[in-house]
Amino acid sequence: MTVLLTLFLCLLAEPRAPGQEAPAPLSERLDLDRRVARFDLPRRLAEVSGLAFTHDGRLLAQGDERGLVYVVDPLTGAVDRGFAVGSPPVMDDLEALAAAGDRLFLASSGGRLYEFRQVAAGSGSPVRITDTGLGDSCEVEGLGYHPDSDSLILACKTSSDGAPEVRVHFRPLSPGAA
């Protein structure tokens, strides 16, 4: 399957440590008409549900149903063997991936957060599972990290009276974080 990595995705996922100066506004850095790269990814990444840059600039990709994460070279499209989130890998409807420092997170549509760290390719990472409680009221579709508040941002879709609605929830990672 062909996956297009655009400047837009790269800029949205650009990592920033707490206290680090904010980059120039997207409107000054974005050219939606220009592709950055086009790669034919291996079949094991036929459906990419999440992309995230780590604090040290590695691009991670995650599929949909199994807790497997791969490092993708953004210049060549080369994909490593990947590592498992949990041993055996977690199985869930995984929707998104986010990096917060050296901590990584997967979000399931049912509102579960899987916290883990990157390990060597072919290995399994210990995982901590947290139920956010959001699965009872909405379907989680997106996940990001907000460094200024040291919080995860979860995007949930729901419908009230048949009208679709997106709700954004902040989940602080540190005790006392805003």
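Cut-offs used in this document
Each chain carries its own residue numbering, running from 1 in the direction its sequence is written. Thresholds applied to this predicted model are a pLDDT of at least 70 for local features of residues and 80 or more for the giving and counting of side-chain atom pairs; totals over whole chains, interfaces and linings are not thresholded and use all residues. Where side-chain values are given, they derive from all heavy atoms of the structure, hydrogens and water being excluded. Using a 1.4 Å probe on the protein chains alone, a residue whose accessible area is under 20% of its type maximum counts as buried, one over 50% counts as exposed, and one in between counts as partly exposed. Segments assigned H or I by DSSP are reported as helices when at least four residues long, segments assigned E as strands when at least two residues long, and all are numbered from the N terminus. Whether two strands pair depends on DSSP finding at least two bridges between them. Here, the term nonpolar core denotes a set of buried Ala, Val, Leu, Ile, Met, Phe, Trp, Tyr and Cys residues that are joined through side-chain atoms within 4.5 Å. Under this scheme, a helix contributes an axis fitted over its contacting stretch, all axes are lines through C-alpha atoms, and angles between N-to-C directions fall in the 0 to 180 degree range. Any pair of N or O atoms that falls within 3.5 Å is considered a polar contact. Within protein, one atom must be able to donate a hydrogen and the other to accept it, and sequence-neighbouring residues count only if both atoms are side-chain atoms. Note on definitions: a residue-residue contact is assigned when non-hydrogen atoms from the two residues lie within 4.5 Å.

Visitor: I'd like a description of the pairing of strand β7 (residues 94–100), backed by residues and values.
Guide: Where burial is concerned, most of β7 is hidden: seven out of the seven residues are buried. Looking at chain direction, β7 and strand β8 (residues 103–108) are connected through six bridges and run antiparallel. In the strand pairing of β8, A100 is matched with R103. Between β7 and β8, which pair antiparallel one after the other, the connecting turn spans two residues, and G101 there sits at a positive phi close to 65°.

Visitor: Lay out the nonpolar core with the relevant residues and their values.
Guide: In this structure, L143 and L152 are the most contacted members of the largest nonpolar core, which totals 15 residues. If you look at the next biggest cluster of nonpolar residues, it comprises 14 residues, including L60, A99, Y114 and F116.

Visitor: Got a sec to walk through unusual backbone geometry? Specific residues and values, please.
Guide: In the segment running from S87 into P88, the intervening peptide bond is cis, with an omega of 5°. Despite not being glycine, D150 shows a phi value in the positive range, around 50°. Relative to the helices and strands, D150 is located in the loop between β12 (139–146) and β13 (151–160). Overall, the relative accessible area of 18% leaves D150 in the buried class.

Visitor: Just give me the short version of the sheet that holds strand β9 (residues 112–116), but keep the residues and values in it.
Guide: The strand order across the open sheet formed by four strands is β7-β8-β9-β11, and the pairing between neighbours is antiparallel. Looking at strand neighbours, the two that pair on one side only are β7 and β11 (128–131), the edges of this open sheet. Pairs of neighbouring strands in the sheet enclose a mean axial angle of 20°, with direction left out of account. Pairing geometry for β8 and β9, over four bridges, is antiparallel.

Visitor: Can you tell me about the side chain of T132, naming the residues and giving the values?
Guide: Positionally, T132 belongs in the loop between β11 and β12. Classification of T132 as buried rests on a relative accessible area of 18%. For T132, the side chain forms a polar contact with the main-chain oxygen of G111, separated by 2.6 Å. Of note is the side chain of T132, whose polar atom sits 3.2 Å from the backbone nitrogen of L134. Setting aside residues no more than four positions away along its own chain, T132 makes contact with G111, L113 and R171.

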